[in-house]
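Structure assessment
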Amino acid sequence: MYFTDAHEELRLHIRKFLASEVQPHLEEWEEKTFPDSIFKRFGELGFLGLRYPPEYGGQGGDYFSAVVLSEEMARAGLGGLGMAVDVQTEMATPPVFKFGTEEQKRKWVVPAIRGEHIAALAITEPDAGSDVAGITTVAKRDGDHFVVNGRKIFITSGARCQWALVVTKSDRERGHKGYNLLVIEKGTPGFQVTRTLKKLGMHSSDTAELLFEDCRVPVANLIGEEGDGFKNLMWELQGERMIAAAGAIAGAARIFEYTMDYAQNRQAFGQPISQFQVIKHRLVDMGTKIAAVQAFVYQTAAQWDKGEYPVREISQAKLLATQVACEVADDAIQILGGHGYMHEFPVERAWRNARLGRIGAGSDEIMKEIIAKTYGL
Amino acid sequence: MTISWRSDNGCLVKIVVTVKQVPDPNSATLLESDNTLARDREVVLDPGDECGIEEGLQLKEAHGGEVILVSMGPERAKDAIRKGLSMGADRGVLISDVQLAGADALLTARALAAAIKPEQPDLVICATESYDGSTGMVPPMLAELLGLPQLTIAKKVEVDGSTIKVHRQTADGYQVVEASTPALISVTAGIAEPRYASLKGIMAARSKEIKQVGLSDLGIERGEPGETIEGIADAEARKAGAIIEDDGTAVDRIIQVLAQAKVV
């Protein structure tokens, strides 16, 4: 209904590519994080520009081609790399492409599509995450530069990126009108990666803390109109949550299939454990939740693809899909028992990776606040 | 006719790659009651043909020209051609005719030759053998019918002017064999790693031409089969080994068995 045969053909190519060039390295990358060169390879194959127009080196596809990539990354169990790719294609570059000038698109989006640049998006700060209005990174105008001071944390690809799209305020005291999105390139004096952070899951990606100290950023790096940053960031967050929902539910489907297979083969007390009603019903619950949320995710993605702005549905899809992903991973561990707790079985990693979904891109609680507003509550 | 492969003088070349849709190698092989392969299952472009297409595309990229895919099969074999078009081939020809059902190697080669001849290609690329039938006879028959020199089991191809040189895989190494174009080569899977199609390639393939032709269009008749399948037998299963239980004399008995087998 949502996927054409061209999408399915793309899916097979992505699947084959991931199986032969990515998955064999996954264990190593979970230890050391992935090499930057894999982005180059994704870029060569067109996977970093599926939705961008051909004149910018993109593939000219629709939103469901991005969904295909995100689903296949999730189905291949590529949590951290999948997240870094999503950050590149669905979070950091879209605002530059949508609100940026022609020159800005050529300078930052085109190399990102080729995989020559790795991009990051820097919103969260040590004292402000969910409360975006509380951010304190200040970019004060000084002639044809902004002088940026502040700290950003939990930034995916922060250590390896060539540039970050950084959310700043012109003044700490100003409200929604004072926001600016700035592309800040690595190597700009005053831009430092202070540390990379160890985390529960998503080990193959790097997560960094960034420090800006009197960092002078040319006004030419301002994305969108001055003062429009908050509004533009809200638009970005919709795409970010939509792709998070698609990836989360695809990951849940993978774990469900794995657990079904396990339960039908694992013998206990003389029969496959899937024959015990308690396991059988748990599997049914897992499958049913996934089916319902998957349908809702696709329906919402179709609205987004058509250019609608369904904030309520995207927030609901993100909330539900990431919750179901956590529940399914937890149920899977329970069904697998000791095997589920072991590193060598995929559910252990999936359980760790899934937990981020309910925090990143806006927590469960923030989703509910947004949804509440759309109901007039 | 001599055609230069060097793109610097503007000459372009025409390459035909024969392709086949086969049962998915990842699924079990099933036979029909007449011992032909059951084809009503998951089907894919023969993985060996993907390598041939890749080699054709690389030659085209190096020298300019056109890559044409020619296949024989039911209507749905267009999907296999389409996959090659997604990789970058220019157009396809599908020979499809109910009279061709269960065709043997010679009929297949005759049909392919009839479809390829009017194209007047500079090079025909075939896989060494198909994944399913595995007769390996179509490429040499096709070369004969087209009146082309054939260079078989190529693992590397070099083109210089109107000379084509291949490294021909042998049990001990390889032979260097050369001919002048037009020629037919059969290639091994080692010749080139097939590329992944891009979304742009996949979408572009939707508007590329796949010409469908029947036996009458080609001006050939089915004729009597040159080969028929008389019967199918399973390969002999390995026999279970003897189990010697130890009642205190096992060592002596094992030595006896080994001595009889002339191992000790």
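All figures in this text were calculated on a predicted structure; none of them were measured in a lab. (Residues numbered from 1 in each chain as written. Chains lettered and ligands numbered in written order. Predicted model: local features only at pLDDT ≥ 70, side-chain atom pairs only at ≥ 80, totals over all residues. Heavy atoms only, no water.)

**Side note on the sheet that holds strand S8 (residues 163-169) of chain B**
All names here are of chain B.
- Strand order in this open sheet of nine strands is S9-S8-S7-S10-S6-S1-S4-S5-S11, and the pairing throughout is mixed. Where the open sheet ends on each side, the last strands, each with one partner, are strand S9 (174-180) and strand S11 (210-213). Taken over all neighbouring pairs, the strand axes of this sheet differ in orientation by 30 degrees on average, direction set aside.
- Judged from the five bridges that link them, strand S4 (residues 65-72) and strand S5 (residues 91-95) form a sheet pairing that is parallel. Counted as the bridge partner of Ile68 is Arg91 from S5.
- Here helix H1 (residues 47-63) sits on the sheet and contacts strand S1 (13-19), S4, strand S6 (123-127), strand S7 (150-160) and strand S10 (183-187); the angle it forms with S1, its principal contact strand, is near 170 degrees. (Pairing = 2+ DSSP bridges. Helix = DSSP H or I, 4+ residues; strand = E, 2+ residues; numbered from the N terminus. Axes fitted to C-alpha atoms, helices over the stretch in contact; angles between N-to-C directions. Contact = heavy atoms within 4.5 Å.)

**Quick notes on the domain arrangement of chain A**
All names here are of chain A.
- In terms of domains, chain A is made up of domain 1 (5-117), domain 2 (121-225) and domain 3 (230-374).
- Placing a centre on the C-alpha atoms of domain 2 and another on those of domain 3 gives a separation of 30 Å.
- On the side of domain 3, twelve residues touch domain 2, which itself brings 14 residues to the contact.
- Three residues, Ser130, Leu200 and Met202, lead the burial of domain 2 against domain 3; their summed loss comes to 38% of the area buried on that side.
- In this structure, the connection of domain 2 to domain 3 is made through zero salt bridges.
- At the boundary of domain 2 and domain 3, one finds two residue pairs in polar contact (both at pLDDT 80 or more).
- Among the secondary structure elements, those contributing two or more residues to the side of domain 2 that touches domain 3 are strand S5 (179-185) and strand S8 (222-227).
- Taken together, the residues of the side of domain 2 that touches domain 3 sort by class into nine nonpolar, five polar and no charged. (Domains from an automatic or database assignment. Buried area = accessible area lost by both parts, 1.4 Å probe. Salt bridge = Lys/Arg side-chain N within 4 Å of Asp/Glu carboxyl O. Polar contact = N/O pair within 3.5 Å; in protein donor to acceptor, adjacent residues only side chain to side chain. Nonpolar A, V, L, I, M, F, W, Y, C, P; charged D, E, K, R; others polar.)

**Examining the interface of chain A and chain B**
- Taken together, the contact between chain A and chain B spans 18 residues of the former and 13 residues of the latter.
- Across the chain A/chain B interface, buried area totals approximately 1300 Å², and carbon plus sulfur atoms make up 58% of it.
- Together, Glu9, His13 and Gln59 of chain A form the three largest contributors to the area buried by chain A at its contact with chain B, with a combined 44%.
- At the junction of chain A and chain B, the tally comes to three salt bridges.
- A salt bridge links Asp5 of chain A to Arg206 of chain B; the nearest nitrogen and oxygen atoms lie 3.4 Å apart.
- Within the side of chain A that touches chain B, the residues separate by chemical class into six nonpolar, seven polar and five charged.

**Focus: the nonpolar core**
- Phe42 and Leu81 of chain A are the most contacted members of the largest nonpolar core, which has 101 residues in total.
- Excluding anything up to four places from it in sequence, Leu81 of chain A contacts Val22, Trp29, Phe34, Ile38, Phe39, Phe42, Met73 and Ser204 of chain A.
- Counting residues in hydrophobic clusters, the runner-up holds 34 residues, among them Ile53, Met87, Ile164 and Ile191 of chain B. (Core = buried A, V, L, I, M, F, W, Y, C linked by side-chain atoms within 4.5 Å. Buried < 20%, exposed > 50% of the residue type's maximum accessible area, 1.4 Å probe, protein only.)

**Digging into empty space enclosed by the protein**
Residues and elements named next belong to chain A.
- Summed over the entire model, instances satisfying the criterion amount to one cavity of 30 Å³ or more.
- Looking at the largest cavity, its volume works out to about 70 Å³.
- If you go around the largest cavity, the residues you meet are Phe47, Leu48, Gly49, Leu50, Arg51, Tyr52, Ala66, Leu69, Ser70, Asp86, Thr89 and Glu90.
- The set of elements that each furnish at least two residues to the lining of the largest cavity consists of helix H4 (63-75) and helix H5 (79-99). (1 Å grid on protein atoms, 1.4 Å probe; cavity = no way out; pocket = protein on both sides within 12 Å on 5 of 7 lines; lining within 4 Å. Points joined across faces, edges and corners; volume = space filled by probe spheres on them.)

**Some words on the pairing of S5 of chain A**
Residues and elements named next belong to chain A.
- The buried count for S5 comes to six of seven residues, which makes it a mostly enclosed element.
- Sheet topology places strand S4 (residues 163-169) next to S5; seven bridges connect them, and they run antiparallel. Bridging from a neighbouring strand, Thr168 pairs with Asn180 of S5.
- Bridging between S5 and S8 involves two bridges; their strand directions are antiparallel. Residue Leu182 lies in a different strand from S8, and its bridge partner there is Leu222.

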